[in-house]
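Residues per chain are reported as follows:
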Amino acid sequence: MHYDPAWAFELAHIVRDGLRRMYGSSEQHPHGEDVFYYLTVYNEPYQQPAEPADLDVDGLLKGLYRYREAPRDGLGAEAPRAQILASGVGGRWALEAQRLLAEDWGVAADVWSATSWNELAREARSCDEWNLLHPEAEQRVPYVTRTLENAPGPIVAVSDFMRAVPDQIAPWVPGDFLSLGTDGFGFSDTRAAARRFFHVDAASIVLAVLTRLARQGEVKPETLQQAIERYRLNDDVASVFAGGARTAESSTGGDA
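Thresholds, definitions, all that
Residues take numbers from 1 onward in each chain, read along the sequence in its written order. Owing to the predicted nature of the model, reporting of local features is limited to residues with pLDDT of at least 70; listing and counting of side-chain atom pairs is limited to 80 or more, with chain, interface and lining totals taken over all residues. Calculated side-chain values reflect all of the structure's heavy atoms, with hydrogen atoms and water omitted. Only protein chains enter the area calculation, which uses a 1.4 Å probe; residues under 20% of their type maximum are buried, those over 50% are exposed, and those in between are partly exposed. The helix count covers DSSP runs of H or I at least four residues long, the strand count covers runs of E at least two residues long, and both are numbered beginning at the N terminus. Only strands joined by at least two bridges in the DSSP assignment are considered to pair. As used in this record, nonpolar core signifies buried Ala, Val, Leu, Ile, Met, Phe, Trp, Tyr and Cys residues forming a set joined through side-chain atoms within 4.5 Å. For this analysis, residues touch if any pair of their heavy atoms sits within 4.5 Å. A helix is expected to span 1.5 Å for every residue after the first. Within 6.5 Å between ring centres, the rings of Phe, Tyr and Trp (the latter by its six-membered ring) count as paired, and their orientation is classed by plane angle as stacked under 30 degrees, edge-to-face over 60, tilted in between. Either the NZ atom of lysine or the CZ atom of arginine qualifies as a charge over a ring when it sits within 6 Å of the ring centre and within 35 degrees of the ring normal. Geometry is summarised by axes, namely lines fitted to C-alpha atoms with helices restricted to the contacting stretch, and by angles between N-to-C directions that run from 0 to 180 degrees. Salt bridge, as used here: a side-chain nitrogen of Lys or Arg that lies within 4 Å of a carboxyl oxygen of Asp or Glu.

Participant: Hey, could you go over the pairing of strand E6 (residues 155-158) for me, with residue numbers and the actual values?
Facilitator: On E6, burial covers both faces: Ile155 and Ala157 on one face and Val156 and Val158 on the other are all buried. Bridge count between strand E4 (residues 81-86) and E6: 4 bridges; the pairing is parallel. The partner of Ile84 across the bridge, within E6, is Val156.

Below, the structure written as structure tokens:
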């Protein structure tokens, strides 16, 4: 069971559920289930939010839940919509991208916490296998499909892993899907520069969302070049957005 939580409260629920499953007793598993957990925990210090009062714990444990809906202030009902899925430290980049999309481009984007790309893909493959062997029965729909089927706009996934990790769920994501990840190696610099280089920082997420919206005719094509220039996206080592936006990532180090 692999999880890549963004927030401490997510980690608490995952650990508690892991202890229950591995060491708890039930009629089906009197000595606990035969599973083990792999948790990605980062050595990057950042402020932890409080647990939401309406936290979807079931979705958290399954691998995906909506963490923050798009801001409504200043955005009309006709504003272009989008969905951002993020895991681990990518949760902060997604929230910053949500803010920039709303304030700079009038786009309403929901942010989802993808606590486990692996578990989403595993459950979806299990559904496919069951459907294959039971063609006469009612066909099962994967959790990730059911969860996102009514989410409007393109879906952009981001992770500090290679994009092959979030790409695991691509066959079961309804609608337009794009993943961002840190493909390749051999580049060493500050976190801000590395994430700009691999195009997973907040400004790069903004450009990815705008690109998909432009293809759908939801924003003007010239918006893309404007975003590239505004956020200095052609500058691999730019750690401060153009136009007076806040610093992207300023600390250094890696994950553990």
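Participant: Any chance you could break down the side chain of Thr115 for me, citing the residues and the numbers?
Facilitator: For Thr115, the location among the structural elements is in the loop between strand E5 (108-113) and helix H4 (117-133). Residue classification places Thr115 among the buried residues on the basis of a relative accessible area of 0%.

Participant: Before we move on, could you go through the nonpolar core and cite the residues and values that matter?
Facilitator: Within the largest apolar cluster, 47 residues are counted, with the highest numbers of intra-cluster contacts made by Val209 and Leu210. Elements supplying a minimum of two residues to this core: helix H1 (8-23), strand E3 (65-68), E4, helix H3 (90-105), E5, E6, helix H7 (202-215) and helix H8 (222-230). The leading source of residues in this core is H7, at 10 residues. If near-sequence neighbours (up to four positions away) are discounted, Val209 is found in contact with Ala82, Ile84, Leu101, Val107, Pro154 and Val156. Listed in part, the 19 residues of the second largest apolar core include Trp112, Trp117, Ile155 and Ile169.

Participant: Run through H3, naming residues and quoting values.
Facilitator: At 3.6 residues per turn, the α-helix brings residues three or four places apart onto the same side. The end-to-end C-alpha distance of H3, which contains 16 residues, comes to 21 Å, matching closely the 22 Å that a straight helix rising 1.5 Å per residue would cover. Judged by how many residues are buried, H3 sits mostly within the fold: 12 of 16 residues are covered. All of the buried residues in H3 are Gly90, Gly91, Trp93, Ala94, Leu95, Glu96, Ala97, Gln98, Leu100, Leu101, Ala102 and Trp105. Positive backbone phi, approximately 65°, marks Gly106, located one or two places after H3.

Participant: How would you explain the packing of aromatic side chains if you had to name every residue and give the values?
Facilitator: This structure, assessed with the given rule, holds 6 aromatic pairs. Here Trp7 and Tyr46 contribute two aromatic rings whose centre-to-centre distance is 6.0 Å and whose plane-to-plane angle is 75°, an arrangement assigned as edge-to-face. With a gap of 39 residues between them, Trp7 in the loop between strand E1 (2-3) and H1 and Tyr46 in the loop between strand E2 (38-39) and helix H2 (57-62) connect regions that are remote in the sequence. For the residue pair Trp7 and Tyr46, the accessibility class agrees, reading buried in each case. Ring geometry for Phe197 and Phe198: centres 5.0 Å apart, planes at 80°, overall edge-to-face. Aromatic rings pair up to connect Trp7, Phe9, Tyr46 and Tyr67 into one cluster. Between the NZ or CZ atom of Arg92 and the centre of the ring of Tyr46, over which it lies, the distance is 4.3 Å. The ring of Trp105 has Arg230 lying over it, and the distance from NZ or CZ to the ring centre is 5.9 Å.

Participant: How would you summarise the sheet that holds E6 if you had to cite specific residues and measurements?
Facilitator: Spatially, E3-E5-E4-E6-E7 is the arrangement adopted by the 5 strands of the open sheet, whose pairing is mixed. The open sheet has two edge strands, E3 and strand E7 (177-180), and neither has a second partner. Here the average twist between neighbouring strands, direction ignored, is 30°. Contacts between H3 and the sheet are confined to E3, E4, E5 and E6, with E4 contributing the most and set at about 165° to the helix.

Participant: An account of the pairing of E5 is needed here, citing residue identities and associated values.
Facilitator: With 6 of 6 residues buried, E5 lies mostly within the body of the structure. Residue alternation in E5 divides its side chains into two sets, Ala108, Asp110 and Trp112 and Ala109, Val111 and Ser113, and both sets are buried. Taken together, the 3 bridges between E3 and E5 define a ladder with antiparallel strand orientation. Across the sheet, residue Arg68 finds its bridge partner in E5, namely Val111. Of the pairings in the sheet, the one linking E4 to E5 comprises 6 bridges and is parallel in character. Within E5, the position partnered with Arg81 by the bridge is Ala108.

Participant: Please give an account of the pattern of salt bridges that cites residues and values.
Facilitator: Tallied over the entire structure, the rule returns 16 salt bridges. Of the charged contacts in the structure, one is a salt bridge between Asp110 and Arg81, with a shortest N-O distance of 3.2 Å. You can see Asp110 sitting in strand E5 and its partner Arg81 sitting in strand E4, a full 29 residues away along the chain. Judged by relative accessible area, which is 2%, Asp110 ranks as buried. Residue class for Arg81 comes out partly exposed when judged on its relative accessible area of 22%. Here Arg122 makes a salt bridge to Glu119, at a shortest N to O gap of 3.0 Å.

On their own, these measurements won't tell you what the molecule is for.
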